[in-house]
Amino acid sequence: MSERKILICSAWPYAYDMMHLGNLVGCLLSGDVFERYYRLKGCDVVHVSGSDMHGTRTEFEALRRGISPEEIAYKTHEAIVEVLKGFHIDMENYTTTATETHYEFTQNLYRQAEANGYIIPLDEKRAFCEVDEIFLADSFIEGTCPKCQFERAKGNQCDNCSSLLEPEQLIEPKCTICGQSQIVFKETRAWLLDLAKLEPKLREYVEGHPEWEGNVKHFTKQMLEDGLQPRAVTRDLKWGIPAPFEGSEGKVIYVWAEAAIGYVSATKEYFDKLGTPERFDEFWKNPDAKHVYTQGKDNIAFHTIFFPGQLLASEQGYHLPDQVSAVEYLQWIGGAKFSKTNNVGIFCDEALELMDPSYWRWYLISVRPERRDLAFSWEDLDMAVNATLNNNILNLVNRVVSLIHKKTDGKVLDVEIEADVLAQVEATAKKVDEIVEAGGLAAAIREISNLALFGNEFVQNREPWKEGNENILTSAFHVCKALSVLIQPFVPRVAEKVFRVLNLKDVTFDEITTIRGGHPLNPTEPLFEKLDIDELKARYEALKEKSTQNA
RNA sequence: GACGAGGUAGCUCAGUUGGUUUAGAGCGGUCGUCUCAUAAGCGACAGGUCGAGGGUUCGAGUCCCUCUCUCGUCACCA
């Protein structure tokens with residue numbers, strides 16, 4: 001058991017509504033690609049995530065619809081599980097935050113934090129709706145802004161004059177659940193995680209990661225510069241994990257304070273079920289393990305400050321996040337925001353009705369917003385799928401395989417591979433590896449595409465279809481083989497087909513540079529089908545038409 | 001509002017700590033071309049005031065200031 005231990009943690013989708021494509025690409029899909037990549041390299045990989053079942057919105061939405069939060073959460077969870085299957089996202093443990101393991105683990109962790117002196121109580125007046133008998137989050141209160149008289153100012157901020165507000169300042173505050181204004185401010189006790197006390201340790205942890213870049217670095221640095229404050233980890237809600245503190249009966253642990261802990265409990269649950277609970281420590285108590293977190297930029301602070309803060313507070317020696325691979329936002333056409341209520345954008349369940357999931361995977365990762373926000377476009381989709389994946393990469397494979405069948409009886413000749421081909425393949429593998437190890441994926445796809453360009457150019461220039469040039473095909477095959485391995489983490493089902501045609505089995509990363517002479521191929525089969533983008537658009541329009549009518 | 005991050009050819013992006021005279025790729029577009037491959041492949045060309053203005057410097061896309069646009073955070077939304 002000396003392989004590298006890699007733990008991939010994808011941010012937990014909120015089990016309240018179906019994810020859109022932007023949610024998918026940054027969290028679960030990226031995680032899946034990383035998982036497959038590291039496994040290809042022979043690492044010991046565990047990938048965990050799950051549905052975030054609790055939360056204010058779920059509970060409030062349940063109140064509004066008159067059903068239980070559980071019902072919403074489980075229904076959504078089941079739908080998400082189906083979507084993951086549909087996108088070929090397959091991890092060690094996709095669970096929920098409503099499991100017994102998670103409840104126990106979270107409560108234990110917070111008891112440990114309390115015993116270590118990191119939990120402090122605080123009494124505070126908070127808005128309470130007497131109709132719904134529930135404490136209201138600031139954003140669930142509306143009223144007239146005391147500054148600009150805008151009538152629908154939120155409890156924390158006025159959307160009109162953008163003043164920051166306290167809920168008490170609103171004139172005629174109303175509950176947005178029942179619409180009534182029977183709001184009183186009642187004293188209630190909250191328990192806070194003392195992040196101020198944890199600050200020196202967190203600072204040390206963050207300073208230990210000079211490789212963090214971009215938003216991850218900036219957000220985190222900013223948080224520390226502003227100084228950390230104790231932050232409430234309990235809520236006056238019913239649906240959630242009962243808070244385990246003295247006198248905290250009837251309150252739950254707040255979602256942000258428990259969802260991330262799910263990374264740990266989900267790993268534990270996985271190894272418990274597997275019957276090898278001792279292996280948990282190989283991932284969570286092992287300083288040599290590498291932990292990769294995939295999420296959207298809105299979650300950065302949770303992964304670099306709050307979550308490590310909790311782990312530190314427990315003083316159990318848990319491994320802290322190493323790589324925080326955060327993406328910017330994928331937006332809808334023209335920079336519009338995805339919105340279920342306004343029926344804008346494509347949601348994951350709809351996406352699967354529209355197109356081959358391999359194509360979605362390839363497109364989404366190739367436009368993965370790693371540097372800045374990015375808008376969906378049909379043109380980009382067309383280019384990524386048809387121009388790059390189909391015409392450039394897969395057609396090259398098909399081209400070379402057909403030639404080998406025609407010219408050398410389906411056998412790769414046992415001759416030397418051209419030096420520049422060897423060098424190009426090796427250089428690409430190296431670059432891809434550097435990119436992925438550093439938390440990038442879109443750039444890796446660009447490198448892979450470049451190798452295919454090189455391959456096509458090579459074949460074109462050396463004309464292996466002419467008599468006497470058959471030896472060239474061995475080099476061309478070498479490129480195709482490398483391509484097939486490199487695309488595997490991105491489009492596993494497509495790679496499977498290519499492996500079959502190339503007659504490769506139990507493929508690992510090493511296959512990229514392995515030299516094969518005298519290797520027989522299998523009969524060719526269609527490797528791809530062109531995507532008809534106009535037809536796809538038409539079906540999308542029809543789908544939207546239908547869901548507008550249903551709404 | 002405060003703070004932070006970004007605005008490079010139609011699109012997606014590269015551009016080390018400022019310096020090979022005409023700012024680079026890929027895709028798209030235009031033209032040409034091979035024929036092994038799913039009208040795929042290859043080559044050539046197309047010229048973007050590097051968001052706007054000012055400054056520092058022998059020299060700035062690369063540093064500083066101002067402005068503008070986009071995005072994010074601002075701690076009971078996650």
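Just above sits the structure.
What you see is a predicted model, and the numbers here were worked out from it, not measured in a lab. (Residues numbered from 1 in each chain as written. Chains lettered and ligands numbered in written order. Predicted model: local features only at pLDDT ≥ 70, side-chain atom pairs only at ≥ 80, totals over all residues. Heavy atoms only, no water.)

**A closer look at the pattern of salt bridges**
What counts here: Salt bridges are identified by distance alone: a Lys or Arg side-chain nitrogen within 4 Å of an Asp or Glu carboxyl oxygen. To qualify as a helix, a DSSP run of H or I must reach at least 4 residues; to qualify as a strand, a run of E must reach at least 2; elements of each kind are numbered from the N terminus. Buried means the residue's accessible area, taken with a 1.4 Å probe over protein chains only, is under 20% of the maximum for its type, while exposed means over 50%, and partly exposed covers the values in between.
If you walk through the whole model with that rule in mind, you get 32 salt bridges. K297 is the salt-bridge partner of E328, the closest N and O atoms lying 3.0 Å from each other. Taken as a pair, E328 in the loop between β15 (323-327) and β16 (330-331) and K297 in the loop between β14 (290-296) and α10 (300-314) lie far apart in primary sequence, 31 residues in all. Of the charged contacts in the structure, one is a salt bridge between E447 and K431, with a shortest N-O distance of 3.7 Å. Of this pair, E447 sits in helix α15 (residues 442-462) while K431 sits in helix α14 (residues 419-437), and the two are 16 residues apart along the sequence. Judged by its relative accessible area of 17%, E447 falls in the buried class.

**Section: the layout of surface pockets**
Cut-off, in case you're wondering: Using protein atoms alone on a 1 Å grid, points that fit a 1.4 Å probe yet trap it form a cavity, whereas open point sets bounded by protein on both sides within 12 Å along at least five of seven lines form a pocket; residues with an atom within 4 Å of a point count as lining. Grid points are joined across faces, edges and corners, and a volume is the space filled by probe spheres set on the points. Each residue is assigned to one class: nonpolar for Ala, Val, Leu, Ile, Met, Phe, Trp, Tyr, Cys and Pro, charged for Asp, Glu, Lys and Arg, and polar for all the others, Gly among them.
Of the voids in this model, the largest pocket is the one considered here, and its volume is about 2,000 Å³. Y14, N23, R57, D298 and N299 are the residues nearest the centre of the largest pocket, which is lined by 48 residues in total. Elements that contribute at least two residues to the lining of the largest pocket include exactly α1 (21-40), α2 (56-65), α7 (255-259), β14, α10 and β16. Considering only residue class, the lining of the largest pocket consists of 25 nonpolar, 13 polar and 10 charged.

**Remarks on the packing of aromatic side chains**
This is how the line gets drawn: The pairing test for Phe, Tyr and Trp rings, Trp by its six-membered ring, is centres within 6.5 Å, and the orientation test on the planes gives stacked under 30 degrees, edge-to-face over 60, and tilted for anything in between. Only when the NZ atom of a Lys or the CZ atom of an Arg is both within 6 Å of the ring centre and within 35 degrees of the ring normal do we say a charge sits over the ring.
A full pass over the atoms with the stated rule returns 31 aromatic pairs. Aromatic side chains F302 and F306 sit 5.2 Å apart centroid to centroid with 65° between the ring planes, which places their arrangement in the edge-to-face category. In this pair, F302 and F306 both sit in helix α10, four residues apart, roughly one turn of the helix. Taking relative accessible area as the criterion, F302 reaches 22% and is therefore assigned partly exposed. Each ring, one from Y363 and one from F376, has its centre 5.6 Å from the other, and the planes form 80°; the classification is edge-to-face. Pair noted here: Y363 is in helix α12 (residues 357-366) and F376 is in the loop between β17 (374-375) and α13 (378-407), with a separation of 13 residues, a long-range link. Just as Y363 is buried, F376 falls in that class too. The ring of F128 carries the charged tip of K186 above its face, separated from the ring centre by 3.9 Å. In this arrangement the basic side chain of R231 is found over the ring face of F306, its NZ or CZ atom lying 4.6 Å from the centre.

**Examining the sheet that holds strand β5 (residues 134-135)**
Heads up, the rule is: DSSP bridges decide pairing: two strands pair if at least two such bridges lie between them.
What the four strands build is an open sheet, ordered β5-β4-β9-β10; its pairing is antiparallel. If you trace the sheet from one side to the other, it starts and ends with β5 and β10 (231-232), each paired once. By the bridge criterion, two bridges tie strand β4 (residues 119-129) to β5 in an arrangement that is antiparallel. Paired with F128 across the bridge in β5 is F135.

**Considering the pairing of β14**
Of all the seven residues making up β14, seven are buried; the element is thus mostly covered by neighbouring parts of the structure. Both faces of β14 are covered, namely the face carrying K290, V292, T294 and G296 and the face carrying H291, Y293 and Q295. Summarising the sheet, strand β1 (residues 5-10) and β14 pair through five bridges and their orientation is parallel. When the sheet's bridge partners are listed, I8 is paired in β14 with V292.

**Side note on the protein's contact with RNA strand B**
The condition that has to hold: Working definition: residue near molecule or strand if any one of its non-hydrogen atoms lies within 4 Å of it. Definition of a polar contact: a pair of N or O atoms within 3.5 Å, with one able to donate and the other able to accept a hydrogen when the atoms are protein atoms, and with sequence-neighbouring residues admitted only if both atoms are side-chain atoms.
In the region of RNA strand B, 51 residues are neighbours, and T56, Y254, N395, K406 and F528 sit closest. For RNA strand B, a sugar or linking oxygen lies 3.3 Å from a polar atom in the side chain of R126. Measuring from a sugar or linking oxygen of RNA strand B, one finds a side-chain N or O atom of K297 at 2.9 Å. If you list the elements that add at least two residues to the surface near RNA strand B, you get α2, β4, α6 (214-226), β10, α13 and α15. If one sorts the elements of the surface near RNA strand B by residue count, α13 sits on top with nine residues. For the surface near RNA strand B, the per-class residue count stands at 18 nonpolar, 14 polar and 19 charged.

**Overview of empty space enclosed by the protein**
Enumeration over the complete set of coordinates arrives at one cavity of 30 Å³ or more. Estimated volume of the largest cavity: approximately 40 Å³. Contributing to the lining of the largest cavity are H54, G55, T56, R235, L237, W239, V252, I253, Y254 and V255. Residues that form the lining of the largest cavity fall into these classes: six nonpolar, three polar and one charged.

**Describing the sheet that holds strand β6 (residues 141-144)**
The sheet built from three strands is open, its strands ordered β7-β6-β8 with antiparallel pairing. If you trace the sheet from one side to the other, it starts and ends with β7 (153-154) and β8 (171-175), each paired once. Taken together, the two bridges between β6 and β7 define a ladder with antiparallel strand orientation. Looking at β7, one finds that E142 is bridged to K154.

**A closer look at the environment of S358**
Condition: By definition in these notes, contact holds between two residues if any of their heavy atoms fall within 4.5 Å.
By the secondary structure assignment, S358 is in helix α12. The buried category is assigned to S358, whose relative accessible area is 2%. Separated by 27 residues in the primary sequence, S358 and V385 have C-alpha atoms spaced 9.4 Å apart. If we ignore the near neighbours within four places in the chain, the residues touching S358 are H88, V491, R493 and V494.

**Here's the deal with the state of the cysteines**
Disulfide: a covalent bond formed between the sulfur atoms of two cysteine residues. The cut-off we apply is this: For the purposes of this analysis, a disulfide is any pair of cysteine sulfur atoms at a distance within 2.5 Å.
Applying the stated criterion across every chain yields a total of zero disulfides. The structure places no disulfide on C9, whose sulfur is separated from the nearest cysteine sulfur, that of C27, by 12 Å. By relative accessible area, which is 0% here, C9 ends up buried. There is no disulfide at C129, and the cysteine sulfur nearest it, in C178, is 3.7 Å away.

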